[in-house]
Amino acid sequence: MSTEAIQNAGAADRVVHWATRLLGLMAAVLLFVMMVLTFVDVWGRYFFNAPVPGGFEVTELMMATLIFAGLPLVTAGNEHVAVDLLDYCMPHGLKKFRDMLVNLACAGMLAVLSYRLWIKASEQLSYGDQTAILNIPAAPVTYFMSISTAFSALILLALIWGNLNKRKTY
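Basis of the calculations
- Residues numbered from 1 in each chain as written.
- Predicted model: local features only at pLDDT ≥ 70, side-chain atom pairs only at ≥ 80, totals over all residues.
- Heavy atoms only, no water.
- 1 Å grid on protein atoms, 1.4 Å probe; cavity = no way out; pocket = protein on both sides within 12 Å on 5 of 7 lines; lining within 4 Å.
- Points joined across faces, edges and corners; volume = space filled by probe spheres on them.
- Helix = DSSP H or I, 4+ residues; strand = E, 2+ residues; numbered from the N terminus.
- Nonpolar A, V, L, I, M, F, W, Y, C, P; charged D, E, K, R; others polar.
- Buried < 20%, exposed > 50% of the residue type's maximum accessible area, 1.4 Å probe, protein only.
- Contact = heavy atoms within 4.5 Å.
- Salt bridge = Lys/Arg side-chain N within 4 Å of Asp/Glu carboxyl O.
- Core = buried A, V, L, I, M, F, W, Y, C linked by side-chain atoms within 4.5 Å.
- Expected span 1.5 Å × (residues − 1).

### Here we look at the layout of surface pockets
- Computed from the structure, the largest pocket encloses a volume of approximately 500 Å³.
- In terms of lining residues, the largest pocket is bounded by 19 residues, among which N78, A82, D99, V102 and N103 are the most central.
- For the lining of the largest pocket, the secondary structure elements donating two or more residues are α4 (92–127) and α5 (139–164).
- Counting residues per element, the lining of the largest pocket draws most heavily on α4, which supplies seven residues.
- Grouping the amino acids of the lining of the largest pocket by side-chain chemistry returns nine nonpolar, five polar and five charged.

Okay, here's the thing in structure tokens:
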């Protein structure tokens, strides 16, 4: 979106624009840090017999954060993996109906997953769940996963709403 388009856009469009930019930047930084950590860990392990302490734990947490930072981006771009075996023989109206139905089912499943992740994060927080070596709390990552999943469910609902109103979808 250009600067002029952002200024002329509605509040929802601006929120989506900045949220996707923030999540994209976060994903890029996480991926770069994971790459550097893995590089240093491998070199340390094979050439100096001294891997990065807790490198595996940090990589696990960053991987979970990276995946769930990318989920709303993939959802907003409507870029999930899809099998289109019958699309060539399906009327356009039926395809739109099917897509809205699939989006609704996925939004419902993501909402349930978000709820369960929130409960899990609350449990982790209550008993102080941490990583084994570095004692990094697990709850903040799980809360982020829950929020990201809920955001993806809302994006799917926005896609459905946009299709019903024949508006631009995100």
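### Brief notes about the side chain of S148
- Structurally, S148 is set in helix α5.
- Classification of S148 by relative accessible area gives buried; the value is 4%.
- Here S148 is in contact with F68, A69, L71 and P72, once residues within four sequence places are set aside.

### Re the pattern of salt bridges
- Inspection of the entire model under this criterion finds three salt bridges.
- Of the charged contacts, one joins R45 and D41 as a salt bridge, the two residues approaching to 2.8 Å between their closest N and O atoms. Here the residue R45 and the residue D41 both occupy positions in helix α2 (residues 11–47), the gap between them amounting to four residues, near one helical turn.
- On the basis of relative accessible area, R45 is assigned to the partly exposed category, the value being 38%.
- Classification of D41 by relative accessible area gives buried; the value is 13%.
- In this structure, R98 engages D99 in a salt bridge whose closest nitrogen and oxygen atoms are separated by 2.9 Å.
- By relative accessible area, which is 34% here, D99 ends up partly exposed.
- Connected via shared salt-bridge partners are D87, R98 and D99.

### Digging into the nonpolar core
- Counting residues in each nonpolar core, the largest one holds 14 residues, and the members touching the most others are F68, L110, V141, M145 and L156.
- Secondary-structure elements contributing two or more residues to this core are α3 (55–76), α4 and α5.

### Let's talk about α4
- With 36 residues, α4 extends 52 Å between its outermost C-alpha atoms, agreeing within 8% with the 52 Å of an ideal straight helix rising 1.5 Å per residue.
- Within the sequence span of α4, burial applies to M100, N103, A107, L110, S114, L117, A121 and Q124.
- Against the buried residues of α4 lie α3 and α5.
- Downstream of α4 by one or two residues, G128 has phi in the positive range, about 65°.

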